[in-house]
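# Commentary on secondary and tertiary structure
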Amino acid sequence: MCIRDRDKTDYTELYDRDYFRPQVEQLNANKHNRTNCIQELREETDKAEWADVFLFIYPYYLSYIPGVTHSWLERVFSYGFAFGEGGNHLKGKKMMLIYSLGGTKEQAYKLEKKMLFLLHDRITFWGMTPLTPFAAYAAARVDQKTREKYLKDLEARMKELPQLLTLISLLN
C-alpha cells in the first residue's frame, strides 16, 4: 500500500517554464519514460503505474474535487500516460471515490450527481473501472452515532474490496 498526502506536495515546478506547451511536453516526457521530467513527477507516475486500485479520499468542495487533487490528476494522469498517444498506463486499473459533503443527501443530490457524472466520465476515459463511491453527508454536523455508522460502513466497504476486485477481474 502506498499512501500519498496531496496537501504536502508542491506541484508548481512540474514543467519547464521556458517550454510550457503542456500536451506536447507531456507526450514527449512519456515517450522518453519520463526521464526528462522532474524527479517528483517520475515518482508519482511510477506509483500510478504500480497501483492496481486508486482510492481518492477528499472533501467535496464547491461542486467538485479539491484543487490540489485536480492539479495532481492533471499532472500525473497526463497526455501520453493516461490518455492520448501511448496513454494506456492506467488501463484496467480501478478507482473508488470516498468523499464527505457539507450538505445532507437530499441537499447535495443534484450537485453530487453532476460531480459523479464528470468523474465517472474521466475515470473511464483513462481506461479505468470506476467502483461504487462512498459518501459521508453533512459530515461536519452529524451526531456521533451517525459518524460511527459512516466509519462502520466504510470499513465494511474496504473489507469487501478484495473480493470485489477478484470478481471484476473474473468478469473482464
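Check the entry above for the structure.
These numbers come from a predicted model, not from an experiment. (Residues numbered from 1 in each chain as written. Predicted model: local features only at pLDDT ≥ 70, side-chain atom pairs only at ≥ 80, totals over all residues. Heavy atoms only, no water.)

### Considering the overall build of the protein chain
Along its length, the protein chain carries 5 helices and 4 strands. When the elements of the protein chain are put in sequence order from the N terminus, they spell out α-α-β-α-β-α-β-β-α. Once local pairs closer than 6 in sequence are excluded, the contacts in the protein chain between residues at least 24 apart make up 73%. Accessible surface, the protein chain as shown: approximately 10900 Å² in total, 56% of it carbon and sulfur. (Helix = DSSP H or I, 4+ residues; strand = E, 2+ residues; numbered from the N terminus. Contact = heavy atoms within 4.5 Å. Areas by Shrake-Rupley, 256 points an atom, 1.4 Å probe, with all protein chains shown as cover.)

### Some details on helix α4 (residues 105-125)
The α-helix winds at 3.6 residues per turn, so residues separated by three or four positions along the chain end up facing the same way. At L111, α4 shows its strongest bend, of approximately 40°. Within the sequence span of α4, burial applies to A108, E112, M115, L119 and I123. As for α4, its buried residues are in contact with β1 (53-59), β2 (94-100), β3 (129-130) and β4 (134-136). Phi for G127, located one or two positions after α4, is positive at around 85°. (Bend = angle between axes of the 7 residues up to and from the residue. Buried < 20%, exposed > 50% of the residue type's maximum accessible area, 1.4 Å probe, protein only.)

### Concerning the layout of surface pockets
Counted as a void, the second largest pocket has a volume near 190 Å³. Around the second largest pocket, the lining comprises 14 residues; the ones closest to its centre are S100, A136, A139, Y150 and L151. Counting residues per element, the ones that place at least two in the lining of the second largest pocket are β1, β2, β4 and α5 (144-171). Element by element, the count of residues in the lining of the second largest pocket is highest for α5, at 4 residues. Considered class by class, the residues forming the lining of the second largest pocket number 12 nonpolar, 1 polar and 1 charged. (1 Å grid on protein atoms, 1.4 Å probe; cavity = no way out; pocket = protein on both sides within 12 Å on 5 of 7 lines; lining within 4 Å. Points joined across faces, edges and corners; volume = space filled by probe spheres on them. Nonpolar A, V, L, I, M, F, W, Y, C, P; charged D, E, K, R; others polar.)

### Topic: unusual backbone geometry
Positive phi, close to 45°, is recorded for A138, a residue that is not glycine. With respect to the helices, strands and loops of the structure, A138 is situated in the loop between β4 and α5.

### Some thoughts on the pairing of β2
Successive side chains on a regular strand alternate, one facing one side of the sheet and the next facing the other. The element β2 is extensively covered by neighbouring structure, given that 6 of its 7 residues are classed as buried. Pairing geometry for β1 and β2, over 7 bridges, is parallel. Within β2, the residue paired with F54 across the bridge is M95. By the bridge criterion, 2 bridges tie β2 to β3 in an arrangement that is parallel. Bridge pairing links M95 to P130 in β3. In this structure, β2 lies alongside β4, joined through 3 bridges in parallel fashion. The residue of β4 that forms the bridge with I98 is F134. (Pairing = 2+ DSSP bridges.)

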